[in-house]
Amino acid sequence: MSEIVETQEMETTIQGDVKPTQSNVPDLVKIGSIPSNLQIDYDTTVYEPVTKSQSFLRFQIDNKGILHSNSKLTISMTGVTESAFFPFGVGVNSLIERATLKCGGKTLSEIDDWNHYMAYRSMFIAAENNKERESITTARLMSYQLEYNNIKSASTTEIPNTKAQAIAVDTGLYPSVGASNTETLMPDYLLADNAPVFQISLADLFPFLKMNQIPLYMMRDPLFVELTLVGANSKNRLSIQAGETTGQTYNVDLNNVHMIIDHIYYPPEQMEAFAAANQQITLSYHDYNLSKQSLVPSQAKNNIRNVGGAGRIVTKVIHGISNNANDGETQALNNFQAEYPNTGNNTVELNVRYNNSFIYPIDVKNTARLYNLITTAEGMTPFVPRDSYNDEGNSITSNLIYGRQQNAQFKGAMFYQAHRLHKGERVSGKGIDLYTKYDELSGGNYTQRVWLEYLKIATITNGVLDVYNG
Amino acid sequence: MSTEHFEIVPDNVQANGKVSYDKSGNPTIRIKIPDVERHLLAGTVRLNGKFQCFKNAAEDAPDADTAMRMTEAIGVYSVIDSLTFQNFNGQTIEKIDNYNKFCSAFIPVGGSKQDLFDSYGTTALSMPNFEVQRLSVVNNASANTFSIPLISGLMNGHNPIPLSSGWGIGGLEIIINLSPSSNVFFSASTTSASFADGFYELSDLSLTGETLVPEPAQLQQLQTQKQSVIEYNTINTFYQNINSTNAVLSMNLGLSKVLSIFGTITPTNFINNLVENGLANLYPLNTDNSVAKIKSVIWQRAGERFPFLYNIDTMQKDDNAQEFADPQIVRNFQSAVKVFSEMGRTNVSPENNRVEDNTAASLSYKLFTDGGSTAGIGVSYDHISNDGVSFKNIPLGLQMNLGLTSNNPHALYLFVHNKNTIIIENGNVQVIS
């Protein structure tokens, strides 16, 4: 009987060296590394929640194929009788307070106050895309247009000119000029009383999926998507038109919530080869840890606090201060805002300190520079006008948007900040200190939310998932 | 490898920290990034400060009745007349004259209308409409904060710049010459009486950015290297005059790797004129303000047509009544600023690139919406070799046939995008263009 000898294929390099041929098994979980000539098959499965209530949804995803990161959650409201709509900046994402991805009792990814986090993340969608794509898919609508003056000629006929005194939110409908005011309305498909269905991408819920795909077929335990919803009575689910009754209960249509998952399949031998060649898979990715604090304006004038991060590899700090006013629904952005100081000196100073030194040699006071620091941290610019970011210029119109003055709704309401931690080293046991001086916010109670982007590592060993901090 | 933020204030500002061409008598800002054992991350460099406008010497803010305007598409970039980068030995690495004119061509081509609201709006105080920019920036009684990248070949490059005098360029000095207020502001009407002594003022200026700190082993390697070569892009400015129906220009650029050339045209009597916009990019005008339509453009190298082996004949050659800009002219201009096929966002549109008389019966150039007029000419050589075309000892030729029948001289600002090389050898720096 002949003995089976394991052989290894060799190749000759152009320098004449002989070496083993590189594995031709592509990394199926790394986006972009798969050659395009593979035969790919998709299986779309619509999952109903295994647990559902007005405060919580849980989906169980089957262990088959590879999870497509752009799979979608679809969701809608029911029984809304007021003229209500999802907040302009964050859209349908307002509904979800916490998003958790679990497997085998381990938490792969979890973001608290996910809806507020998405208010920040939504700034990076180009205004054109918000108007033309996101208003249909996620109800996000932040886009501006010029509001041209209508002038009257001697014959009192209104004629248009090219002068625009202000900018106004672009809903796709041009403002209607009434006898006493000019008002921008919203398309009917955005009004919650028409029960439109919107979607949320899985890769938005769990940002690490933008760079990774989960090989479900290689995992022993099922994957759970758990979504904690904002309370139906919280006044944070929807915003309402001026004059509508406040304090209503807004329910999610639990019979119309679906998780639509695309399972990706490659040729079986390819998937088997990948599984055999990768008994252990390691995914390194970023997750976001929330630290929040209640503040009153006098505290916000000089606030130094430890925001965590001790012992972790933290790559980014994202923060903003939002008003806790319980009338969120009367705001076009609801409470998903980051306030710029709107009284006192209208100034801000901030810095970040970790591992015994400050990031910035001098506290940053220039708000346009803070805008640039977001660009540096994220690698792209936020699509937010000056008046909406640092409350300068009074360029937003005082005309109405669905019954409310636009400048009162959007001025200084997207003053988020982000800092890239630049030392390339683990944060020491003392953690990260955030120094902020808001001089000063108008009266009320506020919450400062800080998300730390930190490194996490997940391993899948013989189908068993393990997760730890990087 | 880690990075460190820096914040540097100018060397030469007065005690009150305010800078103004007209008021302080100090039209130059000099900032030195020190000679340290680090690399400068050029993409992170920002000039920060506050910008405020006054309608008279008494420092009153413009009001609703003040007809004071500035170029809305470029905002605070209007105040920079020239930008120079040099090392501490005074060797010029890049110098862009008529910088505000360059920005008035570059920004609308590379940024969209929404960008003028958002990113350029927040950082550079631009807006896509003249009136809302006037009301929100010029008339703003409080100072406007700005934080701008110094758009240039050197700063837009991706390669870190070695600052060390031992193994790099030996420090970087940035010299900004400010523009006179008479070339920043212009009238929204036909008179400048309401702001005859108007001026602008910059304050709280600083330069911020990040440097890359090499690891000890890497630093040792850098310190022992005998020679290093850095390739970077530059913008070089050339100025010419046009005042005939057949403009024939010949220039020795002295540049060996020219990637593209683009130019903008302004009547010379608009420059430093408080009534007209000296930074407007227009199609030529006759003295009666009728548009002097361009009929053909010919680009030449060494007396031969190049890269187009034909005349670019415009629609106006066959149909003089045509008021749409010629698509070949527009496309080549855009492509010279940013490779056309890679242009994801632009603000050039039929609304603001119009072959239009400057008269009340038509639409005055001051009333163009979407950021104002974006006319220009250009040619890209980058498509040909990816490494530029040499005009070292070979003249550039440009011929334009146009309807400029009256005596109305026009300034043609040509911006040449070139690839330069710095050779660093034993601490000596040699710039090769």
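Residues numbered from 1 in each chain as written. Chains lettered and ligands numbered in written order. Predicted model: local features only at pLDDT ≥ 70, side-chain atom pairs only at ≥ 80, totals over all residues.

J.: Whenever I open this one, the overall build of chain B confuses me. Can you help?
T.: Counting its secondary structure elements, chain B contains nine helices and 23 strands. In terms of C-alpha radius of gyration, chain B reaches 22 Å, essentially the compact-globule figure of 22 Å for 433 residues. If you line up chain B on its principal axes, its C-alpha atoms span 70 × 55 × 35 Å. Within chain B, buried positions represent 54% of all 433 residues. Counting only contacts in chain B whose residues sit at least 6 apart along the sequence, the fraction spanning at least 24 positions is 77%. (Helix = DSSP H or I, 4+ residues; strand = E, 2+ residues; numbered from the N terminus. Rg over C-alpha atoms; globule rule 2.2 N^0.38 Å. Buried ≥ 20, exposed ≤ 12 C-beta atoms within 10 Å, placed from the backbone. Contact = placed C-beta atoms within 7 Å.)

J.: Any chance you could explain the overall build of chain A here in plain terms?
T.: Looking only at helices and strands, chain A has eight helices and 30 strands in total. Counting only residues that meet the buried cut, chain A has 44% of its 470 residues in that class. Long-range contacts, defined here as pairs at least 24 residues apart, represent 74% of the contacts in chain A between residues at least 6 apart.

J.: Looking at this model, I keep getting lost on the interface of chain B and chain A. Mind explaining?
T.: Frequently, the measure chosen for interface size is the accessible area that the parts lose on association. Chain B puts 34 residues into the contact, and the matching count from chain A is 36 residues. For the side of chain B that touches chain A, the secondary structure elements donating two or more residues are strand 1 (2–8), strand 4 (39–54), helix 2 (113–117), helix 3 (119–124), helix 4 (130–138), strand 8 (144–148) and strand 12 (199–213) of chain B.

J.: Explanation requested: the sheet that holds strand 7 (residues 92–97) of chain B in the structure shown.
T.: Residue and element names in this part refer to chain B. The antiparallel open sheet is built from four strands, whose spatial order is 3-10-6-7. Both edges of this open sheet fall to strand 3 (28–33) and strand 7, since each of them pairs with a single strand only. Averaged over all adjacent pairs, the angle separating strand axes in this sheet is 10°, with direction ignored. Pairing of strand 6 (residues 80–86) with strand 10 (residues 172–178) involves six bridges; the strand directions are antiparallel. From the neighbouring strand, T84 faces strand 10, where its bridge partner is I175. Strands in contact with helix 1 (residues 99–110) are strand 6 and strand 7; relative to strand 6, the strand with the most contacts, it is inclined by about 100°. (Pairing = 2+ DSSP bridges. Axes fitted to C-alpha atoms, helices over the stretch in contact; angles between N-to-C directions.)

J.: Explain the sheet that holds strand 25 (residues 400–401) of chain A to me, please; I cannot follow it from the model alone.
T.: Strand pairing in a sheet relies on backbone hydrogen bonds, with the paired strands running either antiparallel or parallel. Residues and elements named next belong to chain A. Spatially, four strands are ordered 13-14-25-26 in an open sheet, and the strand pairing comes out mixed. The sheet terminates laterally at strand 13 (176–177) and strand 26 (404–405), the two strands that pair on one side only. Two elements, strand 25 and strand 26, share two bridges in a ladder whose sense is antiparallel. Bridge assignment links I401 to a residue of strand 26, and that residue is R404.

J.: Please clarify how the nonpolar core should be interpreted in this entry.
T.: In a soluble, globular protein the nonpolar side chains are often hidden away together inside. Judged by nonpolar contacts, the single largest core of 245 residues is most densely connected at V317(A), Y416(A), I432(A), L452(A) and V258(B). It is strand 22 (residues 410–425) of chain B that provides the largest number of residues to this core, a total of eight residues. Both domain 1 (2–224) and domain 2 (231–421) of chain B contribute no fewer than three residues apiece to this core. In contact with V317(A), not counting residues within four places along its chain, are V352(A), A418(A), H419(A), L421(A), I432(A), L434(A), V450(A) and L452(A). (Core = buried A, V, L, I, M, F, W, Y, C linked by C-beta atoms within 7 Å. Domains from an automatic or database assignment.)

J.: How should the domain arrangement of chain B be read in this particular structure?
T.: Residues and elements named next belong to chain B. In terms of domains, chain B is made up of domain 1 (2–224) and domain 2 (231–421). Listed by partner, the interface residues are 41 residues for domain 1 and 34 residues for domain 2. Those elements giving two or more residues to the side of domain 1 that touches domain 2 turn out to be strand 7, helix 1, helix 2, helix 5 (181–184) and strand 11 (185–187). If one sorts the elements of the side of domain 1 that touches domain 2 by residue count, helix 1 sits on top with nine residues.

J.: Looking at this model, I keep getting lost on the pairing of strand 22 of chain B. Mind explaining?
T.: The two faces of a sheet get side chains in turn, since along a regular strand they alternate between them. Residue and element names in this part refer to chain B. Counting buried residues along strand 22, 13 of its 16 residues qualify, which places the element largely inside the surrounding structure. In this structure, strand 13 (residues 227–242) lies alongside strand 22, joined through 16 bridges in antiparallel fashion. Paired with I235 across the two strands is H417, which belongs to strand 22. As paired elements, strand 15 (residues 255–267) and strand 22 share nine bridges and run antiparallel to each other. Paired with S260 across the strands is H417, a residue of strand 22. Summarising the sheet, strand 22 and strand 23 (residues 428–432) pair through five bridges and their orientation is antiparallel. Across the sheet, the residue bridging to E425 is N428, located in strand 23.

J.: Before we go on, may I ask you to explain the environment of P149(B) in this structure?
T.: Residue position: P149(B) is located in the loop between strand 8 and strand 9 (161–162). Sequence-distant contacts of P149(B), that is, excluding residues within four places in its chain, are made with V45(B), R46(B) and M155(B).

J.: How do you make sense of the confidence of the model for chain B when you look at a structure like this?
T.: Low-pLDDT stretches of the model should not have their predicted coordinates read in fine detail. When the pLDDT values of chain B are averaged, the result is 94; 100% of them are 70 or greater. With pTM at 0.92, the complex prediction returns an ipTM value of 0.94. (pLDDT = per-residue confidence, 0-100.)

J.: It is not clear to me how the confidence of the model for chain A should be interpreted in this structure. Could you clarify?
T.: Residue and element names in this part refer to chain A. For chain A, mean pLDDT is 90; residues scoring 70 or higher make up 90% of the total. At the low end of the mean pLDDT range in chain A sits strand 1 (residues 10–12), at 50; at the high end sits strand 5 (residues 56–61), at 98. Below a pLDDT of 50 lies the segment residues 1–8, which in the model reaches one contact outside its immediate sequence neighbourhood of four places, other chains included. This stretch, residues 12–16, has a pLDDT under 50; its non-local contacts, to residues over four places away or in other chains, come to two contacts.

J.: Help me out: how do you make sense of the environment of G171(B) in this one?
T.: Residues and elements named next belong to chain B. Checked against the element boundaries, G171 lands in the loop between strand 9 and strand 10. Residue G171 is classed as partly exposed on the basis of its 18 C-beta neighbours within 10 Å. For the pair G171 and I161, spaced ten residues apart in sequence, the C-alpha to C-alpha distance is 9.6 Å. Setting aside residues up to four positions removed in sequence, G171 forms contacts with K32, I33, P34, D35, N87, F88, L163 and S165.

J.: Just to check I follow, could you spell out the pairing of strand 23 (residues 347–354) of chain A for this structure?
T.: All names here are of chain A. Side-chain alternation along strand 23 places V348, L350, V352 and Y354 on a buried face and T347, E349, N351 and R353 on a face that remains uncovered. Bridge analysis of strand 23 against strand 24 (residues 357–358) gives two bridges, and the strand direction is antiparallel. Bridge pairing in strand 24 links R353 to F358.

J.: Would you take a moment to explain unusual backbone geometry for this structure?
T.: Most peptide bonds are trans, and most residues other than glycine sit at a negative phi. Of note, the amide linkage connecting D439(A) to E440(A) takes the cis form, showing an omega dihedral of -10°. Turning to its location among the elements, E440(A) is positioned in the loop between strand 28 (432–439) and strand 29 (446–461). A cis amide bond links F306(B) with the next residue in sequence, P307(B), at an omega value of 0°. With phi around 45°, N462(A) is a residue other than glycine that occupies positive phi space. Structurally, N462(A) can be placed in the loop between strand 29 and strand 30 (464–469). Despite not being glycine, N98(B) shows a phi value in the positive range, around 50°. Of note, N98(B) is situated in the loop between strand 7 and helix 1. Assessed through the 24 C-beta atoms surrounding it within 10 Å, N98(B) is described here as buried.

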